[in-house]
Amino acid sequence: MARAGWRGEAWTGVRDAASTVVPSVVAYGAVWGGLARQTGLSLGEVVAMCLLVSAGTAQFVALPMLAAGAPAWLLVVTTYIVNLRHYLMAASLAPHFATLSRWRLALLAHGLSDEAYALSLARFARHPARPAYFAGCAGALYLAFYAGAAAGAVLGSRIPDPRRFGLDFVFPAVFIAILAPSLRARWQWGVAAAAAVIALAVAWRIGGTWHIAVAGLAASALGVWLAPSPGGRA
Amino acid sequence: MRSGLVLTFAAMGVATYLTRAPLLFALARRRLPPWLARYFAALPIALITALALPLVILADGRPVPPWDPQIPAAVLVALLARRTGNLLLSVAAGVVLVAGVRAFLS
């Protein structure tokens, strides 16, 4: 019975991801695959990079660096920095995964992405937190990026620009659709407003992905003073 | 396949995993002190706000041009999501608005 429950919940994750972000992830995977071929990666190297790195943003950032002949250590350090935001997402998901065995936790850690994180939090806010849901989202997102990348690597420069179809807007739209209904108490609005100001300032002045980690880290500090203690009144 | 490149990719994968796994392991089975629990209660709101807003308001590091429908579409998504609670419907409405206005302008 536990197994059936796991499977059902995982399918719900697959379905929720498929009906929202998967089409955009396929499109951006295809753009990435096309760019990777233009950078001079062979088909095998495209597949190797997807399987080994498994982090879309970092893979996009790496391509111009590869084209410019950047040294390996710089690629590795840049990947680490681009992914720093995952520390915070892992920390905030961790309490929901308390029941998992170590090896399952090790496997699920691999599936962490912005989209899987956001979809799972939205689900866990209204339903019992089940790691299987996260696993379903993460698996669907991985397959979507791989499939897109493979298609893009084969089709090359014939990939149309996803912006034409508004597919770039799916990512912020999903985040906003998850965030908007969850803002109820005044402290939540305060945290969101602080995060918005910090994220925009950092994104504008510094660029890259710094704004996510910096705003997450800094704006959450407001919660320490303003949020009620969990278990207390909401 | 160039083996040096594949080794680099593997090292990039390790670097990525090092950002994903450690805190998941460290915090999964631990009771947090109340102040840290409040911090983590605020973290999702801060992170998702930080993920979303720059994507709407900045394009490639610059404010989106005034004719781009992203900001009104984001407002529409937020209102629909609050009113209906339907993720798919809210996102689809926003995307249709963005794609429609862009198609009209191009």
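Residues numbered from 1 in each chain as written. Chains lettered and ligands numbered in written order. Predicted model: local features only at pLDDT ≥ 70, side-chain atom pairs only at ≥ 80, totals over all residues. Heavy atoms only, no water.

Visitor: Would you take a moment to explain the interface of chain B and chain A for this structure?
Guide: It is common to give the size of an interface as the accessible area that goes away when the parts come together. Listed as interface residues are 67 residues of chain B and, on the opposing side, 94 residues of chain A. Here chain B and chain A share an interface that buries about 7,000 Å² over both sides, 75% of which is from carbon and sulfur atoms. At the junction of chain B and chain A, the tally comes to 2 salt bridges. Between Arg-102 of chain B and Asp-168 of chain A there is a salt bridge, with its nearest N and O atoms 3.0 Å apart. Inspection of the chain B/chain A interface yields 18 residue pairs in polar contact (both at pLDDT 80 or more). Among the elements of the structure, helix H1 (3–28), helix H2 (34–57), helix H3 (70–84) and helix H4 (87–105) of chain B are those that each provide at least two residues to the side of chain B that touches chain A. Broken down by class, the residue content of the side of chain B that touches chain A amounts to 50 nonpolar, 10 polar and 7 charged. (Contact = heavy atoms within 4.5 Å. Buried area = accessible area lost by both parts, 1.4 Å probe. Salt bridge = Lys/Arg side-chain N within 4 Å of Asp/Glu carboxyl O. Polar contact = N/O pair within 3.5 Å; in protein donor to acceptor, adjacent residues only side chain to side chain. Helix = DSSP H or I, 4+ residues; strand = E, 2+ residues; numbered from the N terminus. Nonpolar A, V, L, I, M, F, W, Y, C, P; charged D, E, K, R; others polar.)

Visitor: Is there a simple way to explain the nonpolar core in this structure?
Guide: The nonpolar side chains of a soluble globular protein tend to be buried with one another. Among the nonpolar cores identified, the biggest contains 102 residues, and Trp-32, Leu-41, Leu-93 and Phe-97 of chain A together with Phe-9 of chain B are the most heavily contacted of them. If sequence neighbours within four positions are ignored, Leu-93 of chain A has contacts with Leu-112, Tyr-117, Ser-120, Leu-121, Phe-124 and Phe-134 of chain A together with Leu-24 of chain B. (Core = buried A, V, L, I, M, F, W, Y, C linked by side-chain atoms within 4.5 Å. Buried < 20%, exposed > 50% of the residue type's maximum accessible area, 1.4 Å probe, protein only.)

Visitor: Please clarify how the packing of aromatic side chains should be interpreted in this entry.
Guide: Ring pairs (aromatic) are described by centroid distance and by the angle formed between their planes. Per the stated rule, a full pass over the model turns up 7 aromatic pairs over all chains. On the numbers, 6.2 Å between centres and 75° between planes, the contact of Tyr-80 of chain A with Tyr-87 of chain A is edge-to-face. Residue Tyr-80 of chain A is classed as partly exposed on the basis of its relative accessible area of 30%. For Tyr-87 of chain A, a relative accessible area of 22% translates into the label partly exposed. Between the aromatic rings of Tyr-39 of chain B and Phe-40 of chain B, the centroid separation amounts to 6.0 Å while the plane-to-plane angle is 75°, which identifies the pairing as edge-to-face. Classification of Tyr-39 of chain B by relative accessible area gives buried; the value is 13%. Of the residues examined, Phe-40 of chain B reaches a relative accessible area of 14% and is grouped as buried. For the cation-ring pair, Arg-104 of chain A lies above Trp-6 of chain A, with the distance from its terminal atom to the ring centre recorded as 4.6 Å. (Phe/Tyr/Trp six-rings, centres within 6.5 Å; stacked < 30°, edge-to-face > 60°. Lys NZ or Arg CZ within 6 Å of the ring centre and 35° of its normal.)

Visitor: Explain a nonpolar patch on the surface to me, please; I cannot follow it from the model alone.
Guide: Residues and elements named next belong to chain A. On the surface, Trp-73, Leu-74, Val-77, Ile-81, Ile-206, Trp-210 and Val-214 cluster together into a nonpolar patch covering about 630 Å² of accessible area. Elements represented by at least two residues in the nonpolar patch include exactly helix H5 (72–82) and helix H12 (210–226). It is H5 that contributes the most residues to the nonpolar patch, 4 residues altogether. (Patch = residues over 30% accessible without salt bridge, like charges linked within 9 Å, V, L, I, M, F, W, Y side chains within 5 Å. Areas by Shrake-Rupley, 256 points an atom, 1.4 Å probe, with all protein chains shown as cover.)

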